[in-house]
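Residue-level listing of the chains:
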Amino acid sequence: MHSRTGRPSPIFILGLLPRSGTNHLWDLLGLHPGTELMHPVYEDHLVRWTPHLVHYAEDVSQRWSPEWEVPREEAAELLRSLGDGVSSWITGESQRHVVTKMPSMEHADRFFDIFRSSPLVVVVRDGRSLAESGVRTFGWSYERAFRAYAASAQTLLDLQTTAQRDRLHTVRFEDLVEQPDSTVRRLCEHCELDPDQFPYDRIADLPVRGSSALAGDGGNVHWAPTDKPEGFAPVERWHDWSPHLHRRFAELAGEQQRALGYELLDPPGSDTVGQRVGDFRDVVFDSMWRDARQ
């Protein structure tokens, strides 16, 4: 895939949420001789703020006089040209595919309207592990984690039904960990990278970045490359969940969890009044947190 400038198109990695595995996938793709990792911008925020580009294109095109009879597709072409400019900034003078990443699905629904040729790679993870890791790392409430996972997963599921879904490739974090060779081969093929040039023997030597299981003193997580410890297992972080947490997760995000191919536990019993009151309290706190950010 090449841009209009003739240079290789950038490769966008998005994660459902922080803790999805975007750092690991970024490091993996960076091993291919046909790629280059975007530095020093490690999380680009580019797709998150595409509404500014959309509003610009809309504001400009709405001021074109009907008497000019501008074809309707020109507004869409203006938007794509703005995306071309962003892609050109990412690539710079590189003759390789520059890989950029962001652990967020915010406004990813407009990706294909803006970026005309770039592949979009989305890394997903079992929502239970993702939520537990977010709680440990960032102090999220489970309520916030479950709702955020459901919303981001639904954005991805909607993208999978679009006309340009052939440019979308979904990667399971668990597959990257448990069957990396075949998973990376499929990824390379999607990104038009020669899979036979990938150094598969180097995958096991990749460092760990930002794992909640490797938090330092005081529980602080860091993103410096760290050697993998013996027995490191970054999946199924939810094994100690209570039946209540499993039921609440299924209630809020079960539909999206199943649609992405992950299982659910259905523990017997029902929640207590106190647990339901706690859920309501967390809903209120989560709403206050979101209002404070706006």
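Each value, and the rule that gives it
- Residues numbered from 1 in each chain as written.
- Predicted model: local features only at pLDDT ≥ 70, side-chain atom pairs only at ≥ 80, totals over all residues.
- Heavy atoms only, no water.
- Phe/Tyr/Trp six-rings, centres within 6.5 Å; stacked < 30°, edge-to-face > 60°.
- Helix = DSSP H or I, 4+ residues; strand = E, 2+ residues; numbered from the N terminus.
- Lys NZ or Arg CZ within 6 Å of the ring centre and 35° of its normal.
- Axes fitted to C-alpha atoms, helices over the stretch in contact; angles between N-to-C directions.
- Parallel < 35°, antiparallel > 145°, perpendicular 65-115°, else oblique.
- Left-handed = near helix turned anticlockwise from the far one by under 90°.
- Contact = heavy atoms within 4.5 Å.
- Nonpolar A, V, L, I, M, F, W, Y, C, P; charged D, E, K, R; others polar.
- Expected span 1.5 Å × (residues − 1).
- Buried < 20%, exposed > 50% of the residue type's maximum accessible area, 1.4 Å probe, protein only.
- pLDDT = per-residue confidence, 0-100.
- Pairing = 2+ DSSP bridges.

(A) Representation of the packing of aromatic side chains within the structure. Summed over the entire model, instances satisfying the criterion amount to 13 aromatic pairs. Where Phe146 meets Phe249, the ring centres are 5.2 Å apart and the plane angle is 80°; that geometry is what we call edge-to-face. Taken together, the residues Phe146 in helix α6 (residues 142-159) and Phe249 in helix α9 (residues 243-259) connect sequence positions 103 residues apart. In this structure, Lys101 is placed above the aromatic ring of Trp26, and the distance from its NZ or CZ to the ring centre is 4.9 Å. One cation-aromatic arrangement involves Arg128 over Trp238; the distance from NZ or CZ to the ring centre is 3.8 Å.

(B) The arrangement of the packing of helix α2 (residues 50-61) against helix α3 (residues 73-91) in detail. Axis separation between α2 and α3 bottoms out at 9 Å; the angle between their running directions is 140°. As judged from the angle between their axes, α2 and α3 are oblique. The element α2 and its partner α3 pack so that their crossing is right-handed. For the pair α2 and α3, contact is made by Leu53, Val54, Tyr56, Ala57, Val60 and Ser61 and by Ala75, Leu78, Leu79, Leu82 and Val86, respectively. Split by residue class, the contact of α2 with α3 holds 10 nonpolar, one polar and no charged.

(C) How the structure looks around helix α5 (residues 127-138). Taking 1.5 Å of rise per residue, the 12 residues of α5 would be expected to cover 16 Å, and the 16 Å separating its terminal C-alpha atoms lies within 8% of that figure. Of all 12 residues making up α5, 10 are buried, and the element is well covered by its neighbours. Of the surrounding secondary structure, the elements contacted by the buried residues of α5 are α6 and α9. In the segment just after α5, Gly139 is the residue with positive phi, at about 75°.

(D) Structural view of the confidence of the model for the protein chain. Averaged over all residues, the pLDDT of the protein chain equals 87, while 81% of them reach at least 70. Per-residue pLDDT stays below 50 along residues 214-219; that stretch engages in seven contacts with residues further than four places along the chain or on separate chains.

(E) Region of the structure containing the pairing of strand β4 (residues 120-124). Within β4, five of the five residues are buried, which leaves the element mostly enclosed by the surrounding structure. Pairing of strand β1 (residues 11-15) with β4, which is carried by four bridges, proceeds in the parallel orientation. Of the residues in β4, the one forming a bridge with Gly15 is Val123. With five bridges joining them, β4 and strand β5 (residues 168-172) adopt parallel strand pairing. Within β5, the position partnered with Val124 by the bridge is Arg172.

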